[in-house]
Amino acid sequence: MFPEADEQGMPVLDLDSQKYIKIWQGPNHPGVTGNMSLELTISGDEIMHAKTHVGYLHRGFEKLFERRRYIQCFPTCIRMCVPEPDINEYNLARGTELLAGIDVPPMADWIRMLVLEMARLQVLLRMVPGQAGTIGLGLGAQWGLYYRELILDRFEELTGGRIYHMYILPGGVRGLLPDGFKDRLEDNLKKVESFMKDIDRLIYSNAVFKKRTKGIGIIPNDWIEPYGITGPVARAAGYQTDIRLDYPYLFYNQLEFDYNLEHESDVFARFRVRRKDVDTTVDLLRQIMAKMPDKGDFKAETPNVLHWKVPKGETIVRCESSRGEYTFYMVADGSMYPRRINLRGPSYTHAVAVLEKLLINANISDVSPIMVSLATCPPEIER
Amino acid sequence: MNELIDHIKARFPIYDVIESQPGQIFVSLEASKLIPMITSLKTNHGFTVLVIFTAVDWIEDDKFQITYVLNNPKEKQDLGIRVFIHRDDATMESIHHLWKHAATFQRELKEMFGIDFPGSPGVDDPFLLEGWDNIPPMRRDFDTKKYSEETYFPRPGRETNDPATFMKQTLYPDD
Amino acid sequence: MSEKKQTEHDKFLAPENRKHTVIGPDGEEIQVDPLNDYFCTDLPKVEAPYKGVLEKFLNWARAESLWVLSYGTGCGSIELPPLFSPRFDAYRFGVAMRPTPRQSGVLIISGYLAVKTLKRVIRSYEQMQNPKYVIALGSCTINGGMYWDSYNTINRLDHYLPVDVYIAGCMPRPEAILAGFNKLKERIKSGNAEGANEYIEKLEWYKANQKKIIKDWNMPSYNW
């Protein structure tokens, strides 16, 4: 009944026979942060062929970087990943420091680690309950958005903005923690922990959720290196990868945590890995607050940032986000403007090449859980 | 990592070896020797992950630099390979048989820079732009500010408040 | 929809939308012209408002029940889910999210618009039924914002769609968006929010602007 495959593994279809219909699952999706459309060829309820179309959010970032000075690239570059902007700030600041040879004081590195983990927590608080929204349970998302607002309040107190902070700059950070910040953050963490117990009862012990999500969207183990899969999607297949442990940056080598692995590699396993990531993040935040020094410089001396000529060179910086691995490739040529900055997010491979293969022979109502489990975020595909 | 570089130098003509970070080295290579070297790195030396595959436009020297960055997950090393091709008739051999997601990178390079990769699946499909009829936009001779002012109606009244320009105009109005 | 205009854009039409021959069930051949036969080719008409107490009552009803099409078009849409969550509850003002344009009255353009998205937004806007309003969030709709020199984003939204309320910010907080909804309600109740009629009166100017930047126009001229 299923058509044969050609040399690339995609089925050969005769579109003129009246067996197949082409439908578009169009740009606005529930649950995906951004616009991406899928062109599906279906027969009854099963998908025969899928093709992703991106480009709805293309702003030409890499061309704009060539027209802006290094410090002016920061407000532009953080809008690449809209839910979690701090990792891009960190990557760009780290790359500029490596090219220009600036050393960052330790207190600034501890504060940067705190900010990155808080950003990861607020993304997971929206993603983990929101996963059930794809199969119709929208209650968890409404609760989760409230607890996310508590963390955004802490961000507003520290940096002045809710979503886009511009707090991490080349040389360090913009300021120290306010008084009493750590106590308020500890209060919020206690509330988040008791909330996650509710989510365990609502979603992860739910029979309908388990039946809908177990056994679909399985990624075999030999797809991980040929497709460049990183982050929680690879960890759900039992592959040990975590940039914080493999290439330790900031002071992650002084904290104690481990890989969160699962072995079935279906949609439910990926959701479980994210649930475990929330526990790891809360634990890391407590460790950071305990081990942070009390005083120190928060910024190193940098030359005048408006007339800063960065010496020639090229470098690669990477960072672990809640979705996978973010990599920046920066080339400097000795002038005030960067020669080339190339950003690559994890959805570049997860949502274009892997998704087209995963959707073959899947049900139409399974498309949404599979996309959300791969955490597709279209702005980082097309920048 | 230095033994690896010596081992590769004995077999392939690499030059311009620069270590940008501990565990991260960039080398340059001739375009025709690229596929044998990458295949040997992937099968014999454990560089099984393709991290970044992009191009840089050096318009002053009339060439494109294509950079392939490979990663060895067990030894935790990065190796970046720079290849230079001509700007006017830009083609390069495709590596889609080694990594499946290289086809996406090649599709984007064809659209944004105009570099052709013959044989790559789907390399002519438009990826990010729709209905584009100008030169490939990432090339350095494409002026994006001029294109935006002519096509999209800019709102008048945008002035610069840069103090350096203001002082320069006040003190030296004739320059 | 004259013959001449259709042939200019013929090369972008999908094969099933061009003029072609269809073989009927008895073997007869029928000539089909989809853009004229299957789609409505009338132009819309201006609906003048009523007068007096009836219009005031209808304006009150329209203002108190604003249903929004849930289409997040740009970066500003990250602040729309918090708007519909318990902390900044927008449902108490009568604002709800609907999935299709046929059931909604307000289109929120949240941020910048790439050319590819503008084509879909125009199609959604023309499929909405009167009365309809447009709210533009963020500074990218006012003068291009931070992507003013990009080759793929538009600079001024009001050359392509009629805008009723602009909300400044990058991006506006949920409290700012609620204030914007209040401003829209005041405009509706005072009878000033006639964006839909203005679109129909100046249809040629809007269409010329749209077709200048959307180079592969493969849909009917007005999408009912």
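Refer to the structure printed above.
Since this is a predicted model, take the numbers as computed values, not measurements.

**Student:** So what exactly am I meant to see when it comes to the overall build of chain B here?
**Tutor:** Of regular secondary structure, chain B possesses five helices and five strands. Its helices and strands in sequence order give chain B the pattern α-β-β-α-β-β-β-α-α-α, from N to C terminus. In terms of C-alpha radius of gyration, chain B reaches 21 Å, well past the compact-globule figure of 16 Å for 175 residues. Overall, chain B is about 65 × 40 × 30 Å in size when its C-alpha atoms are taken along their principal axes. Counting over 175 residues, chain B shows a buried share of 34%. Partitioning the contacts of chain B with sequence separation of at least 6, the portion at a separation of at least 24 is 46%.

**Student:** Just checking my understanding: could you explain the overall build of chain A for this structure?
**Tutor:** Per the secondary structure count, chain A includes 14 helices and eight strands. What you see for chain A is a C-alpha radius of gyration of 22 Å, in line with the 21 Å of a compact globule of 383 residues. In terms of overall dimensions, chain A has C-alpha extents of about 70 × 50 × 30 Å along its principal axes. Relative to all contacts within chain A whose residues are 6 or more apart in sequence, the contacts with residues 24 or more apart total 71%.

**Student:** Could you clarify how one ought to interpret the environment of Lys-11 of chain C in this entry?
**Tutor:** Residues and elements named next belong to chain C. Within the secondary structure layout, Lys-11 lies in the loop between α1 (3–8) and β1 (20–23). Looking at Lys-11, the number of C-beta atoms within 10 Å reads 9, which means it is exposed. Taking C-alpha positions, Lys-11 is 45 Å from Lys-183, a pair spaced 172 residues apart along the chain.

**Student:** Before we go on, may I ask you to explain the sheet that holds strand β4 (residues 96–98) of chain C in this structure?
**Tutor:** Strand pairing in a sheet relies on backbone hydrogen bonds. The paired strands run either parallel or antiparallel. Residue and element names in this part refer to chain C. Strand order across the open sheet formed by five strands is β4-β3-β5-β6-β7, with parallel pairing between neighbours. Each edge of the open sheet carries a strand with a single partner, namely β4 and β7 (165–167). Mean inter-strand twist for the sheet, computed between neighbouring axes without regard to direction, equals 30 degrees. Examined bridge by bridge, strand β3 (residues 67–69) and β4 share three bridges and lie parallel to one another. Its bridge partner being in β4, Trp-67 is matched across the sheet by Ala-96.

**Student:** Explanation requested: the sheet that holds strand β1 (residues 21–25) of chain A in the structure shown.
**Tutor:** Residues and elements named next belong to chain A. With respect to topology, three strands assemble into an open sheet ordered β1-β2-β3, the strand pairing being antiparallel. Across the chains shown, the open sheet's two edge strands, defined by having one partner strand only, are β1 and β3 (46–53). With direction set aside, neighbouring strand axes in the sheet form an average angle of 25 degrees. Alignment of β1 against strand β2 (residues 37–43), held across five bridges, turns out to be antiparallel. Counted as the bridge partner of Lys-22 is Thr-41 from β2.

**Student:** Looking at this structure, how should I read the nonpolar core?
**Tutor:** If you look at the biggest cluster of nonpolar residues, it comprises 181 residues, and the most contacted ones within it are Leu-70 of chain B together with Ile-109 and Ile-135 of chain C. Tallying contributions element by element places helix α4 (residues 106–130) of chain A first for this core, with 16 residues. Each residue touching Leu-70 of chain B, except ones within four places of it in the same chain, is listed here: Leu-41, Phe-47, Val-49, Leu-50, Val-51 and Leu-79 of chain B.

**Student:** I tried to follow the interface of chain B and chain A on my own but got confused; where do I start?
**Tutor:** Often, the extent of an interface is quoted as the loss of accessible area on bringing the components together. With 28 residues of chain B in contact, the opposing surface of chain A contributes 30 residues. Elements supplying a minimum of two residues to the side of chain B that touches chain A: β1 (15–21), β2 (24–29), β3 (49–58), β4 (63–72) and β5 (77–86) of chain B. No other element matches β3 of chain B, which puts six residues into the side of chain B that touches chain A. Across the side of chain B that touches chain A, the residue classes break down as 14 nonpolar, 10 polar and four charged.

**Student:** I'm lost on unusual backbone geometry in this one. Help?
**Tutor:** Residues and elements named next belong to chain C. Here Asn-130 and Pro-131 are connected by a cis peptide whose omega angle stands at -5 degrees. Examined against the element boundaries, Pro-131 turns out to sit in the loop between α5 (115–127) and β6 (133–137). At the junction of Cys-170 and Met-171, the peptide bond is cis and its omega measures out at -5 degrees in the coordinates. Tracing the backbone shows Met-171 in the loop between β7 and α7 (174–189).

**Student:** Teacher, can you tell me more about the interface of chain A and chain C here?
**Tutor:** Of the residues lining the interface, 22 residues belong to chain A; the matching set on chain C comes to 25 residues. Counting residues per element, the ones that place at least two in the side of chain A that touches chain C are α2 (73–77) and α5 (139–159) of chain A. Ranked by the residues each element gives to the side of chain A that touches chain C, the list is headed by α5 of chain A, at four residues. The residue inventory of the side of chain A that touches chain C, partitioned by class, reads 10 nonpolar, seven polar and five charged.

**Student:** How should I be thinking about α7 of chain C in this particular structure?
**Tutor:** Given 3.6 residues to a turn, an α-helix orients residues that are three or four positions apart in the same direction. Residues and elements named next belong to chain C. With 16 residues, α7 should reach 22 Å at 1.5 Å per residue; the first-to-last C-alpha distance of 23 Å fits that figure. Of the positions making up α7, those classed as buried are Pro-174, Ile-177, Gly-180, Phe-181, Leu-184, Lys-185 and Ile-188. Viewed end-on, α7 has its buried residues packed into an arc of 145 degrees, placing them on one side of the element. Pointing more than 90 degrees away from the buried face of α7 are the exposed residues Glu-175 and Glu-186. Next to the buried residues of α7 lie α3 (53–63), α4 (80–83), β6 and β7. Positioned one or two residues after α7, Gly-191 has a phi angle of 85 degrees, which is positive.

**Student:** Can you walk me through the pairing of β1 of chain B in this structure?
**Tutor:** Regular strands show a simple pattern: their side chains alternate between the two faces of the sheet. Residue and element names in this part refer to chain B. Burial analysis of β1 places just zero of its seven residues in the buried class, a small minority of the element. One ladder, built from four bridges, connects β1 with β2; its direction is antiparallel. Counterpart to Gln-21 in the pairing with β2 is Gln-24. If you look at the hairpin formed by β1 and β2, you'll find two residues sitting between the two strands, and Gly-23 has a positive phi there, around 95 degrees.

Rules used throughout
Residues numbered from 1 in each chain as written. Chains lettered and ligands numbered in written order. Predicted model: local features only at pLDDT ≥ 70, side-chain atom pairs only at ≥ 80, totals over all residues. Helix = DSSP H or I, 4+ residues; strand = E, 2+ residues; numbered from the N terminus. Rg over C-alpha atoms; globule rule 2.2 N^0.38 Å. Buried ≥ 20, exposed ≤ 12 C-beta atoms within 10 Å, placed from the backbone. Contact = placed C-beta atoms within 7 Å. Pairing = 2+ DSSP bridges. Axes fitted to C-alpha atoms, helices over the stretch in contact; angles between N-to-C directions. Core = buried A, V, L, I, M, F, W, Y, C linked by C-beta atoms within 7 Å. Nonpolar A, V, L, I, M, F, W, Y, C, P; charged D, E, K, R; others polar. Expected span 1.5 Å × (residues − 1). Arc of directions from axis to C-beta.

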